[in-house]
Amino acid sequence: MRRRTNGPPGPRTAARSGLALAATALLGAVAAAPPGAREWTAAPAAGRPYAYLEGPAGSVLQDTLSVTNPGTAPLTVRLTGQGAPVSFAARSVTVPARTRADVPFAVTVTADTPPGEHRGTVRAVAAGREVSVDLRLRVSGPHLAALTVEDVHLDDTTGTVRYTLVNRGTTVLAPRLAVRAEGLLGTVLDRPDRPLPLTLRPGERATRTEAWPDPPALDSVTVRLTATAPGAAPATARAEAAFASGPALTGAAGLLVVAAAGAGYAVRRRGKSRTQPEAA
C-alpha cells in the first residue's frame, strides 16, 4: 500500500478553497445587509414612469409617491425635493415589512412662475440607497415676451452707459443689446447686436453698464440702446451728453483765438487798402 503524504495543495484544491472563501464572504455580507436595503422601491402612484403635474401659476398641485418595502423589517425613508418647491406631510416615513406606503406630496407653483415646462426631482433615501423620481411640471397660461430698456444714463466724463433691462412679460428672456452713438459730425460708436450674459425671469430687472473707453473729447452725443429677445418686440431708449475735456477746450480756445486774430488782421488789411491815396 502507498502511503499518502501531506504535501502542498495542488491548483484544483487551491481554486476550490478560494471559491469556498468567496462564497462564505458573500453570504456574510448578505446576512449583514439591513433587511430591505436592496429591494425597496419608490415610484409615482399607479405605476407611472414619472410624476406629472399641471396647473396655473399661484396654485398648489398634489400627487402621491408609493414606497414599497418587500423586506422583513420596517424601513424608514427620508423624502426631499429638488428643482421644484416640493413639500411633504412628513420628511420621513416608516414603512412596515412587506407593505406599500402611499405618501402625498405637494408642489407650490409661485405666482411669478412662467408658463411652460419645468423639471424637478423627488428623492427617497433609505438604508444607504437613494431613489430619484422625475417630476415634470407644466404651468399653464399665456406666453407673452416683453422687454423694456429704462433709466439710460451717459456719463459725460468716462463715457460709461448705465441702463436697466426689465422683463415685462410672462416668459424667461435671454436679452441682446446693440449700442449706437451719434455726434455732431456723424456716428462715433456702433456696436452691433450681441447676447448678454444673463437671463431675466418675469418681472425681473437688471441694471448693467456698457463701457466706452474712448469717447469723443469735444462733442455733443446721443447714445441709443436697442434691446431684443426672442419673441419680444425691440425696445429702444436713449440718452444725451456733451463731452468737453480740459485739453480739448484749451485747444478749441486756442483755435478760436487764432481765428479771431486772423479775422482782425484781415479787417485791418482791408481798411488800410481802402485809405491809401490813389496815384496821380
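All residue numbers here refer to positions counted from 1 along the written sequence of the relevant chain. Per-residue local features of the predicted model are confined to residues with pLDDT of at least 70, and side-chain atom pairs are confined, for both listing and counting, to 80 or more; whole-chain, interface and lining totals are unaffected and use all residues. As a rule here, side-chain values come from all non-hydrogen atoms in the structure, and water together with hydrogens is ignored.

Chemist: Where do I start with the sheet that holds strand β5 (residues 86–88) in this structure?
Modeler: Pairing between sheet strands relies on hydrogen bonds along the backbone, with the strands arranged either parallel or antiparallel. Pairing between strands is defined by DSSP: at least two bridges between them are needed. Every helix listed is a DSSP run of H or I at least four residues long, and every strand listed is a run of E at least two residues long, numbered separately from the N terminus. An order of β1-β3-β7-β5 is seen for the four strands of this open sheet, with the pairing classed as antiparallel. Both edges of this open sheet fall to β1 (41–44) and β5, since each of them pairs with a single strand only. When strand polarity is set aside, the average angle formed by the axes of neighbouring strands in this sheet is 30°. Fitting a line to C-alpha atoms yields each axis, with helices limited to the stretch in contact; the angle taken between N-to-C directions then spans 0 to 180 degrees.

Chemist: How should the confidence of the model for the protein chain be read in this particular structure?
Modeler: In regions of low pLDDT, the predicted coordinates are not meant to be interpreted in detail. Of the residues in the protein chain, 74% reach a pLDDT of 70 or more, and the chain-wide mean stands at 82. Think of pLDDT as the predictor's per-residue confidence, scored from 0 to 100. Residue contacts are defined here by distance: any two heavy atoms, one from each residue, within 4.5 Å place the two residues in contact. Note on residues 251–261: pLDDT is under 50 here. Beyond four places in sequence and across chains, it has one contact.

Chemist: Before we go on, may I ask you to explain the nonpolar core in this structure?
Modeler: Where a protein is soluble and globular, its nonpolar side chains tend to be buried together. Formed by 29 residues in total, the largest nonpolar core has its most connected members in Val149, Leu154 and Leu225. Contributing elements (two or more residues each) for this core: β10 (147–154), β11 (161–167), β12 (176–183), β15 (218–229) and β16 (232–244). Per element, the largest residue contribution to this core is six residues, and it comes from β16. Those residues in contact with Leu154 that sit more than four places away from it in its chain are Gly159, Thr160, Val161, Trp212, Val221, Val223, Ala239, Glu240, Ala241 and Phe243. The nonpolar core is taken to be a set of buried Ala, Val, Leu, Ile, Met, Phe, Trp, Tyr and Cys residues, with the residues joined through side-chain atoms within 4.5 Å. Here's how the labels work: a residue is buried when its accessible area is under 20% of the maximum for its type, exposed when over 50%, partly exposed in between, all with a 1.4 Å probe on protein chains only.

Chemist: Help me out: how do you make sense of the pattern of salt bridges in this one?
Modeler: Any carboxyl oxygen of Asp or Glu that lies within 4 Å of a side-chain nitrogen of Lys or Arg is treated as forming a salt bridge with it. Enumeration according to the criterion identifies 15 salt bridges in this entry. When the shortest N-O distance is used, the salt bridge between Asp151 and Arg205 registers 4.0 Å. Residue Asp151 is found in strand β10, and its partner Arg205 is found in strand β14 (residues 205–210); the two are separated by 54 residues along the sequence. The shortest N-O distance in the salt bridge between Asp193 and Arg176 comes to 2.5 Å. You can see Asp193 sitting in strand β13 (residues 186–195) and its partner Arg176 sitting in strand β12, a full 17 residues away along the chain. Note on Arg176: relative accessible area 30%, which makes it partly exposed. Taken together, the salt bridges that share partners define one network made up of Glu150, Asp151, Arg168 and Arg205.

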